[in-house]
Amino acid sequence: MSTLNGWHKGERTIQQKLGFHGAVSQAWTQIDGEMPEQHRTFYSTRLPFIPVTTLDSMGRPWSSILAGPDGEIGWTSSDMYDQLTMRAEVWDGDPLKANADYHESADGAPRKMLIAGIGVEFSTRRRNKFAGSVNVIEQQGAVFNICMSVNEAIGNCPKYITIRDLVPFPHRRPRITHQEINLPTTGHLPSDLIAFILSSDTVFLGSSYSASEEDAPRFPSHLGMNHRGGRPGFVRVRNDGRTLVLPDYSGNRMMTSLGNIEATGLASLTFPSFTNGSLLYITGIAHNLVGAPAQAIMPSQNALTTIEITGYIFIEDALPVRQRGGTEPQRSMYAPPVKMLKEEQASSTYFSTEDTIHATLSRIELHSPDLATFTFESPHKLDVIPGQAAILDFTSFLGALPYRHMAAENPNSVNDDRIRTWTVSRCSSWASVEDGGGTTFSLTMRLKPGGAVTGALFGIANKLAALRPEFLEDSRSLGLNVRLVGIAGEFTLEPPEPGEGARAHGPQEEQASICKNAPRKLLWIAGGIGITPFLAMLSDIPSSCTTEYEITLLLSTREPDVMLSLLSNAIKVAPHEVKLIVHVFSSTEGFESSLPVSVLLHGHSGRITSSIISDFAVGCQDGVYVCGPEAFEREVIQGVVGKVKREGFAY
């Protein structure tokens, strides 16, 4: 039975902002007032560590990591349904030490110490949460004996937990390498800690609800602890180096953590490394943003939380468990692609929802059963840099998806906002002579098995090809209009460095002479449909020097005929000629080339490997560009020394 009396004002407020209040108005009854037997067994027999939230002397939450000595299980016990006892190792620097000292007041009358925790079994994605208060806390060297009363307990969903095989790691030497308990208003995180955050796929989120005197009898003060997970880098860092941005993914809609933040405006984050045992503890001022304010910071993200850091601690070699050697994390299929901050995309343009810009499907080219180019027309003048992508909202076409907590058959659908991003392969604004005031742009895309948007588009294309092929050439009468969210992307051709021939000033003859003597040598590496941005970049060759660029393109593909046809078409419409050498790596033999005779073509059997890349990268000192699936990119960049510009694609 729940001991709660309903949702507190912060929880009600954020639920209403997100439109959830009606659906979860009675869901607070799912939070038990004591631990079920399975929770007690879970904490006692399954966990090598438990993240907990406690408050410091200023009322700020900190997320600590409590662990059994040497990373073994069995350090937690529960003799009663509302009691939890821990014999936990606490290393120097963990906030629990100072917070426990504060709650032991000088006059011998201890202050009430609130606590909340979450148990996560990373091998199975099981997790349960608890909250309550500390009855007794005693220190014996590095070990703390903690006895607590639990008055809130609930199981939780496993959606965003990355599966890991963790093993004890007893031989550690925890050491504090960075510490700012009270970060000055002009302070910021060191660059290595920012990189640490951007490589993390897991964070433990602490929160607090501080009740007013009026509300306390019905909604007592309490703490919260939760898990947040995603793909590496899902938590972003703003340019000020002290503000973190945590996107909110679809969950159980109770909003207990964000509800605490809504009421109290504070949060803590602890980022663990399961490979080297480092821990980054952060506390700060937190704000929830919903709708337009959220999208102004992280485009296409409807809800997020910003945390302005007021204190942090970084401890190396602390976590007493590590990822088992030779194993890899198993990412949750529910985790959506990482979204960048608007300020991270300097060349991008996002359109406000008030100034709705639509695009109409005007032409379809089927290249193969699962590859096609869809052309759209917009009445607006669009500034698209070759290599950038169009972001389209297909909600008006497909309809919004109803809420689903879990969807084992199609995990991607849980966070599907109907917004899709594809690289622009052709654009009317790239032509030397533009027609009209609008913009026509083409998107070459692959049919994704089970994909809602590509499935619908290819379904239309195939029906038209079978029944009304004339509509492929002019599809405008279908009336397929979608909202253009923006034009985004930084995977564009880098301008030459100052002093290179490509940007020489002076008479045209002098410029041509300089360019001829100093060509820019680039290496483009494409995996399958990853060739698309390179098709666009051929339109971005400067007009002052026709022989300025020498480009080597390495293409890995199962369908060389189709890809070379796309490349041939791009070369034909490119405004300027370049020296292009193409190496095709494919298991398909005897493919035909439709490339101009000026293009040198070499065929290779098999796939592109890092050792092959190193041979080509040597002579391309002016830039290496890579675009393809994540595994393809990881392989090829191992063969490159120096700067690599990457553009992966993820679903």
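1. Considerations on the overall build of the protein chain
Piece 1. Of regular secondary structure, the protein chain possesses 15 helices and 30 strands.
Piece 2. Taken over the C-alpha trace, the protein chain has a radius of gyration of 28 Å; the compact-globule value for 651 residues is 26 Å, and the two agree within 12%.
Piece 3. Across its three principal directions, the C-alpha atoms of the protein chain cover 90 × 50 × 50 Å.
Piece 4. When contacts within the protein chain are restricted to residue pairs at least 6 apart in sequence, those whose partners lie at least 24 apart make up 73%.
Piece 5. Roughly 28000 Å² of accessible area belongs to the protein chain as shown, and the carbon and sulfur atoms make up 51% of that amount.
Piece 6. A distance of 3 Å separates the average location of the 55 positive side-chain charges in the protein chain from that of its 69 negative side-chain charges.

2. Some details on the packing of helix H1 (residues 9-17) against helix H6 (residues 256-264)
Piece 1. Relative orientation of the contacting elements H1 and H6 amounts to 110°, with a least axis distance of 7 Å. One way to sum up the angle between H1 and H6 is to call them roughly perpendicular. With respect to the hand of their crossing, H1 and H6 are arranged in right-handed fashion. Listed contacts from H6 to Gly-10, Glu-11, Thr-13, Ile-14 and Lys-17 of H1 are Thr-256, Leu-258, Gly-259, Asn-260, Glu-262 and Ala-263.
Piece 2. Looking at the contact of H1 with H6, its residues break down into 3 nonpolar, 5 polar and 3 charged.

3. Description of the layout of surface pockets
Piece 1. Reported here for the second largest pocket is a volume of approximately 540 Å³.
Piece 2. Looking at the second largest pocket, it is lined by 22 residues, and the ones nearest its centre are Gly-527, Gly-528, Ser-556, Arg-558 and Pro-629.
Piece 3. In terms of residue class, the lining of the second largest pocket is made up of 9 nonpolar, 7 polar and 6 charged.

4. Here's the deal with empty space enclosed by the protein
Piece 1. A complete count under the given rule lists 2 cavities of 30 Å³ or more for this structure.
Piece 2. Approximately 70 Å³ is the volume attributed to the largest cavity.
Piece 3. For the largest cavity, the full set of lining residues is Thr-373, Ser-425, Arg-426, Thr-444, Leu-535, Leu-566, Asn-569 and Ala-570.
Piece 4. Where the lining of the largest cavity is concerned, the elements lending two or more residues are strand E22 (419-427) and helix H13 (560-573).
Piece 5. At 3 residues, H13 tops the list of elements feeding residues into the lining of the largest cavity.
Piece 6. Here the lining of the largest cavity is built from residues that sort into 3 nonpolar, 4 polar and 1 charged.
Piece 7. Computed from the structure, the second largest cavity encloses a volume of approximately 40 Å³.
Piece 8. Every residue lining the second largest cavity is listed: Phe-234, Pro-247, Tyr-249, Met-298, Gln-301, Pro-336, Pro-337, Val-338 and Lys-339.

5. Concerning unusual backbone geometry
Piece 1. Although it is not a glycine, Met-255 sits at a positive phi angle of roughly 65°.
Piece 2. Mapped onto the fold, Met-255 is located in the loop between strand E13 (243-247) and H6.
Piece 3. The phi dihedral of Ser-300 falls on the positive side, at around 70°, and the residue is not glycine.
Piece 4. With respect to the helices, strands and loops of the structure, Ser-300 is situated in the loop between helix H7 (292-297) and strand E16 (303-316).
Piece 5. Residue classification places Ser-300 among the buried residues on the basis of a relative accessible area of 17%.

6. A look at the environment of Lys-129
Piece 1. Examined against the element boundaries, Lys-129 turns out to sit in strand E6 (residues 126-140).
Piece 2. Residue Lys-129 is classed as buried on the basis of its relative accessible area of 11%.
Piece 3. Excluding residues within four positions of it along the chain, Lys-129 makes contact with Tyr-43, Gly-117, Ile-118, Glu-152, Ala-153, Ile-154, Asn-156, Met-225, Asn-226 and Thr-256.

7. Some remarks on the nonpolar core
Piece 1. In this structure, Trp-524, Phe-534, Leu-553, Leu-567 and Val-582 are the most contacted members of the largest nonpolar core, which totals 32 residues.
Piece 2. Going through the elements one at a time, strand E25 (520-527), helix H12 (532-537), strand E26 (549-556), H13, strand E27 (579-586) and strand E29 (624-628) are the ones with two or more residues in this core.
Piece 3. Here the element with the most residues in this core is H13; it accounts for 6 residues.
Piece 4. Excluding residues within four positions of it along the chain, Val-582 makes contact with Leu-553, Leu-564, Leu-567, Leu-595, Val-599, Leu-600, Leu-601 and His-602.
Piece 5. Counting 30 residues, the second largest nonpolar core, distinct from the first, contains Ala-359, Ile-364, Phe-458 and Val-482.

8. A word on helix H5 (residues 191-198)
Piece 1. Within H5, burial applies to Leu-193, Phe-196 and Ile-197. Burial along H5 is one-sided: seen end-on, the buried residues are contained in an arc of 95°.

9. Thoughts on the pattern of salt bridges
Piece 1. One pass over the structure, following the stated rule, counts 32 salt bridges.
Piece 2. Ionic pairing is found between Lys-339 and Asp-417, a salt bridge with its closest N-O pair at 3.6 Å. Taken as a pair, Lys-339 in the loop between strand E17 (321-323) and strand E18 (349-350) and Asp-417 in the loop between helix H8 (395-398) and E22 lie far apart in primary sequence, 78 residues in all.
Piece 3. With a closest N to O distance of 3.0 Å, Arg-363 and Glu-473 form a salt bridge. Of this pair, Arg-363 sits in strand E19 (residues 358-368) while Glu-473 sits in helix H10 (residues 470-473), placing them 110 residues apart in sequence.
Piece 4. Its relative accessible area of 26% is what places Arg-363 among the partly exposed residues.
Piece 5. The class for Glu-473 is exposed, based on a relative accessible area of 53%.
Piece 6. Taken together, the salt bridges that share partners define one network made up of Arg-175, Glu-316, Asp-317 and Arg-322.

10. Description of the confidence of the model for the protein chain
Piece 1. For the protein chain, mean pLDDT is 92; residues scoring 70 or higher make up 94% of the total.
Piece 2. When the criterion is pLDDT under 50, residues 501-515 qualifies, and its contacts beyond four places in sequence or with other chains add up to 21 contacts.

11. Regarding the packing of aromatic side chains
Piece 1. A complete count under the given rule lists 16 aromatic pairs for this structure.
Piece 2. Each ring, one from Phe-49 and one from Phe-122, has its centre 6.2 Å from the other, and the planes form 25°; the classification is stacked. One end of the pair, Phe-49, is in strand E1 (residues 49-55); the other, Phe-122, is in the loop between strand E5 (113-121) and E6, with 73 residues separating them in the sequence. The exposure classification of Phe-49 matches that of Phe-122, with both residues buried.
Piece 3. By way of ring pairs, the aromatic residues Phe-49, Phe-122, Phe-204 and Phe-274 are connected into one cluster.
Piece 4. Just above the ring of Phe-169 sits the side chain of Arg-322; from NZ or CZ to the centre is 4.0 Å.

Conventions adopted
- Residues numbered from 1 in each chain as written.
- Predicted model: local features only at pLDDT ≥ 70, side-chain atom pairs only at ≥ 80, totals over all residues.
- Heavy atoms only, no water.
- Helix = DSSP H or I, 4+ residues; strand = E, 2+ residues; numbered from the N terminus.
- Rg over C-alpha atoms; globule rule 2.2 N^0.38 Å.
- Contact = heavy atoms within 4.5 Å.
- Areas by Shrake-Rupley, 256 points an atom, 1.4 Å probe, with all protein chains shown as cover.
- Lys, Arg positive; Asp, Glu negative; His and termini not counted.
- Charge placed at Lys NZ, Arg CZ, Asp CG, Glu CD.
- Axes fitted to C-alpha atoms, helices over the stretch in contact; angles between N-to-C directions.
- Parallel < 35°, antiparallel > 145°, perpendicular 65-115°, else oblique.
- Left-handed = near helix turned anticlockwise from the far one by under 90°.
- Nonpolar A, V, L, I, M, F, W, Y, C, P; charged D, E, K, R; others polar.
- 1 Å grid on protein atoms, 1.4 Å probe; cavity = no way out; pocket = protein on both sides within 12 Å on 5 of 7 lines; lining within 4 Å.
- Points joined across faces, edges and corners; volume = space filled by probe spheres on them.
- Buried < 20%, exposed > 50% of the residue type's maximum accessible area, 1.4 Å probe, protein only.
- Core = buried A, V, L, I, M, F, W, Y, C linked by side-chain atoms within 4.5 Å.
- Arc of directions from axis to C-beta.
- Salt bridge = Lys/Arg side-chain N within 4 Å of Asp/Glu carboxyl O.
- pLDDT = per-residue confidence, 0-100.
- Phe/Tyr/Trp six-rings, centres within 6.5 Å; stacked < 30°, edge-to-face > 60°.
- Lys NZ or Arg CZ within 6 Å of the ring centre and 35° of its normal.

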